[in-house]
Amino acid sequence: MTTEDPDDRALWSQAAGGSARAFGVLFDRHAKAVYNHCFRLTASWAEAEDHLQATFLLAWRKRAEVRLERESALPWLLTVAANVVRNDQRSLMRRLKNVRRVGEERPVPDHADQVVERLDDQRQMKELLKVVAKLPRNEREALALCVWSGVSYADAAAVLGITEGSVRARVSRAKSKLQQHRELVHTGEDR
């Protein structure tokens, strides 16, 4: 961002007024971070792409209703992305439950031509998610925002509706519990 570029709050205001160009700038600014955040929550690049699209579609639809509390739209977008992922996972569980009730479950063929590196990222991220799933939800959210996606403690505190000290404590507790899995915490370099 140059000194002439408007900040996220100004762009959001323009987008709320109907400016697709301003919203496009916000997308260009934050899509990579949201994409990587979604991958870290799902351990799937394909799902991350779907969730990225759903996040920005929802942001576009809600642009007139939402007022940014912070200068950056990223913390809000990451929170929306986490909710999109959570809702999709709940829907998937309901569908699987219904399929099991109906009868034989047919295997879904894997048509993805993922490169070896991405497959390895997914395997490592799945291992980490198994470990992270044992953490309390508030620690998982703080870890995902601050450690994995690089959101500042202050921005995370604003989005989560808690103090900055509480965010720091949650991140610290999560890191302590994951100490034996240190090599996995930084899995999935940004793409």
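Not measured: the values here are computed from a predicted model. (Residues numbered from 1 in each chain as written. Predicted model: local features only at pLDDT ≥ 70, side-chain atom pairs only at ≥ 80, totals over all residues. Heavy atoms only, no water.)

### A closer look at the overall build of the protein
Then, in step 1: Helix and strand counts for the protein come out as nine helices and zero strands.
Then, in step 2: Going through the 191 residues of the protein one by one, you find that 36% of them count as buried.
Then, in step 3: Taking all contacts inside the protein whose residues are at least 6 apart in sequence as the whole, residues at least 24 apart take part in 68%.
Then, in step 4: When the accessible surface of the protein is totalled, it reaches about 11,500 Å², and 50% of it is carbon and sulfur. (Helix = DSSP H or I, 4+ residues; strand = E, 2+ residues; numbered from the N terminus. Buried < 20%, exposed > 50% of the residue type's maximum accessible area, 1.4 Å probe, protein only. Contact = heavy atoms within 4.5 Å. Areas by Shrake-Rupley, 256 points an atom, 1.4 Å probe, with all protein chains shown as cover.)

### A few points about the environment of Glu65
Then, in step 1: The residue Glu65 is located in the loop between helix H3 (45-62) and helix H4 (74-102) in this model.
Then, in step 2: Taking the C-alpha atoms as reference points, Glu65 and Ala16, separated by 49 residues in sequence, lie 8.0 Å from one another.

### A short note on the confidence of the model for the protein
Then, in step 1: Chain-level statistics for the protein give a pLDDT mean of 85 and a share of 86% at 70 or above.
Then, in step 2: Put simply, helix H9 (residues 182-185) is where the protein has its lowest mean pLDDT, 56, and helix H2 (residues 20-42) is where it has its highest, 95. (pLDDT = per-residue confidence, 0-100.)

### Regarding helix H8 (residues 164-177)
Then, in step 1: Helix length check: H8 (14 residues) gives 20 Å between terminal C-alpha atoms against 20 Å at 1.5 Å per residue, within 8%.
Then, in step 2: Inspection of H8 places Val167, Arg170, Val171 and Ala174 among the buried residues, and these make up the whole buried set. The arc that holds every buried residue of H8, seen down its axis, measures 95°, which confines them to one face.
Then, in step 3: Lining the buried residues of H8 we find helix H6 (137-148) and helix H7 (153-160). (Expected span 1.5 Å × (residues − 1). Arc of directions from axis to C-beta.)

### Points about the packing of helix H1 (residues 8-16) against H2
Then, in step 1: Look at H1 against H2: their axes get within 7 Å of each other, and the N-to-C directions meet at 140°. In terms of axis orientation, H1 runs oblique to H2. The two elements H1 and H2 meet at a crossing, and its hand is left-handed. For the pair formed by H1 and H2, the contact residues are Asp8, Leu11, Trp12, Gln14 and Ala15 on the first element and Arg21, Ala22, Phe23, Val25, Leu26, Arg29 and His30 on the second. (Axes fitted to C-alpha atoms, helices over the stretch in contact; angles between N-to-C directions. Parallel < 35°, antiparallel > 145°, perpendicular 65-115°, else oblique. Left-handed = near helix turned anticlockwise from the far one by under 90°.)

### Re unusual backbone geometry
Then, in step 1: With a phi angle near 65°, Ala43 is a residue other than glycine that sits in the positive phi range.
Then, in step 2: Positionally, Ala43 belongs in the loop between H2 and H3.

### Re the environment of Glu141
Then, in step 1: Relative to the helices and strands, Glu141 resides in helix H6.
Then, in step 2: Linking Glu141 and Arg170, residues 29 residues apart in sequence, is a C-alpha distance of 8.8 Å.
Then, in step 3: Excluding residues that lie within four positions of it along the chain, Glu141 makes contacts with Arg86 and Leu160.

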